[in-house]
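# Remarks on the overall topology
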Amino acid sequence: MEAELVEADIVVPMHLSFKKTQSYEKYPKGQSRGRWKHLKQILQADHHPSFYINIESPPSTQPCKRICDVTGFEAPYVDPRTNLRYANAHVFKTLRSLSTHQAHHYLSIRNAAPLLK
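Every value quoted in this text rests on a predicted model; they were computed, and no experiment measured them. (Residues numbered from 1 in each chain as written. Predicted model: local features only at pLDDT ≥ 70, side-chain atom pairs only at ≥ 80, totals over all residues. Heavy atoms only, no water.)

We now examine the pattern of salt bridges. According to the stated counting rule, one finds two salt bridges in the structure shown. In this structure, Asp69 engages Arg110 in a salt bridge whose closest nitrogen and oxygen atoms are separated by 3.5 Å. Taken together, the residues Asp69 in the loop between α3 (39–45) and β1 (77–78) and Arg110 in the segment after α5 (100–109) connect sequence positions 41 residues apart. Classification of Asp69 by relative accessible area gives buried; the value is 16%. For Arg96, the salt bridge identified is with Asp79, shortest N-O distance 2.9 Å. Residue Arg96 is found in helix α4 (residues 89–97), and its partner Asp79 is found in the loop between β1 and β2 (85–86); the two are separated by 17 residues along the sequence. Look at Arg96 and you get partly exposed, because its relative accessible area is 31%. (Salt bridge = Lys/Arg side-chain N within 4 Å of Asp/Glu carboxyl O. Helix = DSSP H or I, 4+ residues; strand = E, 2+ residues; numbered from the N terminus. Buried < 20%, exposed > 50% of the residue type's maximum accessible area, 1.4 Å probe, protein only.)

So this is what it looks like as structure tokens:
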């Protein structure tokens, strides 16, 4: 029985599906790899009409979103004393506990004119 196993030819496939293929196997000499294209190149090569006519766009007509200076959430409120934007009552309490120097710092991060009363 053992003699039969030794004499039998073992067939091993050339490519094992669980192994990663090497780049030289994918792309033999003479074949180039695909290159990334910029949007302008895609649009120039595109012959059918598309939605993108120009990359440069005019400024938005909608107003900028106001963001809370402390949390980064959308801020519908502005503190009249410090001129900082805030999202909820908990943030408002922390804004009122800030010193004028700290409020000044928050305004300078946002590039707002520091007009403190």
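Additional details are given in the paragraphs that follow.
The tally for this structure, following the rule as stated, stands at two aromatic pairs. Measuring from ring centre to ring centre gives 4.9 Å for Tyr86 and Phe92, while their planes differ by 40°; the resulting arrangement is tilted. Owing to a relative accessible area of 12%, Tyr86 belongs among the buried residues under this scheme. Classification of Phe92 by relative accessible area gives partly exposed; the value is 25%. Taken together, the aromatic side chains of Tyr77, Tyr86 and Phe92 make up a single cluster linked through ring pairs. (Phe/Tyr/Trp six-rings, centres within 6.5 Å; stacked < 30°, edge-to-face > 60°.)

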